[in-house]
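Per-entry structural report
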Amino acid sequence: MSGDLLPFHLLYTGKTDKCHPNFNFPEEWDVYHSPNHSSNEHTMCRFADNVLIPYVKKIRESLHFPNEQRAVVIFDVFFAHQSEQFLTKLHNAGISTVFVPANCTSELQPLNLTFNGRFKELMKEEFNKWYAAQVSHALDRCEDIQGIKVDLKLSTMKQLHANWLLTVYNKLRNEQEAIVDGFVKSSIKSTIANIHL
């Protein structure tokens, strides 16, 4: 609940790295692929190994907690989040899982209450700025507004999207309240504060 933004876990549709955009993502991001662009047991285990477990270890060290100090993560009841291999990996790393009940994401998933909306808003802003610039350049070339065609091919958009992701990520790293507010709105923060140990 510190408001830290974890490195992004990105999935592209495909079977090899060739489906990834030609872009220098931050080294700590987990950029991978799946045949149907959906998380599965393998991609979630990668996420655990490359993002989640290293983050938990870093926080334990910074707080001088022992390695046995358990952490808690919150997931939706999506099937990939409940795979045996993934949950075992987390358990062995001292991470307990809590699942948001089905159909309760809009009320109890902290990131869904605040952060996801802000993320989508910033991504739309990036797209709108780019699209408006394309139309403006076409008009500067005296093209008829009715005949303007903006290149929306996947090969074009994939590169642009990667750049927008990095731009938005860097903005959101400075908006920790967007993450913390989700824990407030879901009542998780106040519940934890009221626990008497």
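A brief structural summary.

Counting 25 residues, the largest nonpolar core has L5, F8, L10, Y12, F25, W29 and L165 as the members making the most contacts within it. When residues of this core are traced back to their parent elements, those giving at least two are β1 (9–13), α5 (115–140), α6 (154–172) and α7 (177–185). Counting residues per element, this core draws most heavily on α6, at seven residues. When sequence neighbours within four positions are dropped, the list of residues in contact with Y12 reads C19, H20, P21, F25, V31, Y32, H33, S34, H37, K158, A162 and L165. Counting 16 residues, the second-largest nonpolar core is a separate cluster that includes V56, V73, F86 and L90.

For α6, with 19 residues, the first-to-last C-alpha span of 26 Å sits near the 27 Å given by 1.5 Å per residue. Where α6 is concerned, the buried positions are M157, K158, A162, W164, L165, V168, Y169 and L172. On its buried face, α6 is in contact with β1 and α5.

Another aspect to go through is the pattern of salt bridges. Any two side chains of opposite charge can pair if their charged atoms end up close together. Applying the stated criterion to the full structure yields seven salt bridges. Between E121 and R118 there is a salt bridge; the shortest N-O distance is 2.9 Å. One end of the pair is E121 and the other is R118, both in helix α5 and three residues apart, which spans about a single turn. Classification of E121 by relative accessible area gives partly exposed; the value is 39%. A network of salt bridges, in which partner residues are shared, links R118, E121 and E175.

Moving on, we come to the packing of aromatic side chains. Aromatic rings considered in pairs are described by the distance between their centres and by the relative angle of their planes. This structure, assessed with the given rule, holds 15 aromatic pairs. With 5.5 Å between their ring centres and 70° between their planes, F75 and F86 make a pair best called edge-to-face. In this pair, F75 is assigned in strand β3 (residues 71–75) and F86 in helix α2 (residues 84–92), connecting sequence segments eleven residues apart. The burial state of F75 is the same as that of F86; both residues are buried. Both rings, one in F115 and one in F119, keep their centres 6.5 Å apart while their planes meet at 15°; by these two values the pair is stacked. Note that F115 and F119 are positioned in helix α5 at a spacing of four residues, about one turn of the helix. Accessibility expressed as a relative area gives 8% for F115, which makes it buried. Grouped by ring-pair contacts, the aromatic residues F8, Y12, F23, F25, W29, F115, F119 and Y169 constitute a single cluster. The side chain of R46 reaches across the aromatic face of Y32, ending 3.9 Å from its centre.

About the thresholds
- Residues numbered from 1 in each chain as written.
- Predicted model: local features only at pLDDT ≥ 70, side-chain atom pairs only at ≥ 80, totals over all residues.
- Heavy atoms only, no water.
- Core = buried A, V, L, I, M, F, W, Y, C linked by side-chain atoms within 4.5 Å.
- Buried < 20%, exposed > 50% of the residue type's maximum accessible area, 1.4 Å probe, protein only.
- Helix = DSSP H or I, 4+ residues; strand = E, 2+ residues; numbered from the N terminus.
- Contact = heavy atoms within 4.5 Å.
- Expected span 1.5 Å × (residues − 1).
- Salt bridge = Lys/Arg side-chain N within 4 Å of Asp/Glu carboxyl O.
- Phe/Tyr/Trp six-rings, centres within 6.5 Å; stacked < 30°, edge-to-face > 60°.
- Lys NZ or Arg CZ within 6 Å of the ring centre and 35° of its normal.

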